[in-house]
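Chain residues, written in single-letter form:
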Amino acid sequence: MRVAFDDLGALIPDKLFPISFVRLQGADVSRLSSRVPFDGRASWEYVDESHAEGKHGGSPRMRLVFNSHGQRLLKGLQLSWGVHLQLGTHLIIDHFIQDAEWYEDLMEMLQRSGARLFSVGVFCSLAELERRESSRGDGKFEGRPLGLARRSDELCHTHPLVYDVTVQGDEESTEQSVDRIVAALKAGRHITD
């Protein structure tokens with residue numbers, strides 16, 4: 001079964017979306033709980049970190065930040081994955097690990113579940129990440145502000161997780177990536193903690 005960080009979007013009622021996101025979609029902001037950006041009512045916000053240190057620098061550089069409600073939903077989502085693992089459900093977890101706390105919660109859940117972990121690091125060049133970002137805009141969760149890719153590339157993969165295999169999404173086809181992952185699985189390389 002495939003589960004993902006993006007499943008969080010289905011858990012959050014649209015009235016708790018941030019004003020910036022709803023405006024980006026061209027939708028009506030009057031239905032929102034939030035009245036002004038960063039008033040604490042939206043489950044998440046996009047924060048401009050263009051002046052923060054990072055390997056790319058420049059502008060725009062945006063970061064996804066959850067309020068306490070959004071943080072609880074993320075933690076609960078990860079805990080639900082742990083329950084599935086304890087029940088013996090095989091999961092493919094598609095996770096965007098931006099923050100150290102997200103990583104720590106995820107690893108704690110995985111350890112408690114007793115599940116065998118096989119980790120895949122998915123990498124992509126900044127140029128391709130930004131190309132994909134600018135081409136999004138499905139009117140739902142895909143239309144995001146420019147700069148998330150640039151900042152996320154600076155934040156993701158900074159955790160101490162050692163990958164069993166890595167793939168380069170802009171240099172190899174999906175089929176080639178899958179073949180490398182399957183070959184690594186068959187070779188029996190995995191982390192047991």
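The notes below deal with the structure included here. Treat the numbers as computed from the prediction; the structure is a model and nothing was measured.

## Examining the packing of helix α5 (residues 126-135) against helix α6 (residues 148-155)
Part 1: Here α5 crosses α6 at 140 degrees, and the two axes come no closer than 8 Å. What the angle tells us is that α5 and α6 run oblique. Where α5 crosses over α6, the two elements pack in a sense that is right-handed. Along its contact with α5, which presents Leu126, Leu129, Glu130 and Glu133, the element α6 presents Leu148, Ala149, Arg150 and Asp153.
Part 2: Tallied by class, the residues present in the contact of α5 with α6 amount to four nonpolar, no polar and four charged.

## As for the nonpolar core
Part 1: Counting residues in each nonpolar core, the largest one holds 32 residues, and the members touching the most others are Phe17, Trp44, Tyr46, Leu64, Phe66, Trp81 and Leu110.
Part 2: Among the elements that make up this core, the one with the highest residue count is helix α4 (residues 100-113) (six residues).

## Some details on the pattern of salt bridges
Opposite charge on two side chains permits them to pair, given that their charged atoms come into close proximity.
Part 1: Under the criterion given, the structure shown has 14 salt bridges.
Part 2: With a closest N to O distance of 2.2 Å, aspartate 99 and arginine 63 form a salt bridge. Placement of the pair is aspartate 99 in the loop between β4 (92-94) and α4 and arginine 63 in strand β3 (residues 62-66), with a sequence separation of 36 residues. Take aspartate 99 and arginine 63: they sit in the same class, and that class is buried.

## Some points on α6
Part 1: In terms of burial, α6 is a largely internal element, eight of the eight residues being buried.
Part 2: Looking at the buried side of α6, the elements it contacts are β2 (44-48), β3 and α5.
Part 3: Directly beyond the C-terminal end of α6, a positive phi value near 70 degrees is found at histidine 157.

## Notes on the environment of serine 43
Part 1: Inspection of the secondary structure assignment puts serine 43 in the loop between α2 (19-24) and β2.
Part 2: The buried category is assigned to serine 43, whose relative accessible area is 1%.
Part 3: Taking the C-alpha atoms as reference, serine 43 lies 11 Å from phenylalanine 21; in sequence the two are 22 residues apart.
Part 4: Setting aside chain neighbours within four positions, we find serine 43 in contact with Ile12, Leu16, Val65, Phe66, Asn67, His69 and Gly70.
Part 5: For serine 43, the side chain forms a polar contact with the side chain of histidine 69, separated by 2.8 Å.

## Concerning the pairing of β3
Part 1: In terms of residue burial, β3 counts as a mostly covered element, since four of its five residues are buried.
Part 2: Of the pairings in the sheet, the one linking β2 to β3 comprises five bridges and is antiparallel in character. Looking at the pairing, tyrosine 46 lines up with leucine 64 of β3.

## With respect to the side chain of glutamine 78
Part 1: Of note, glutamine 78 is situated in helix α3 (residues 68-86).
Part 2: Given a relative accessible area of 1%, glutamine 78 falls into the buried group.

Parameters at a glance
Residues numbered from 1 in each chain as written. Predicted model: local features only at pLDDT ≥ 70, side-chain atom pairs only at ≥ 80, totals over all residues. Heavy atoms only, no water. Axes fitted to C-alpha atoms, helices over the stretch in contact; angles between N-to-C directions. Helix = DSSP H or I, 4+ residues; strand = E, 2+ residues; numbered from the N terminus. Parallel < 35°, antiparallel > 145°, perpendicular 65-115°, else oblique. Left-handed = near helix turned anticlockwise from the far one by under 90°. Contact = heavy atoms within 4.5 Å. Nonpolar A, V, L, I, M, F, W, Y, C, P; charged D, E, K, R; others polar. Core = buried A, V, L, I, M, F, W, Y, C linked by side-chain atoms within 4.5 Å. Buried < 20%, exposed > 50% of the residue type's maximum accessible area, 1.4 Å probe, protein only. Salt bridge = Lys/Arg side-chain N within 4 Å of Asp/Glu carboxyl O. Polar contact = N/O pair within 3.5 Å; in protein donor to acceptor, adjacent residues only side chain to side chain. Pairing = 2+ DSSP bridges.

On their own, these measurements won't tell you what the molecule is for.
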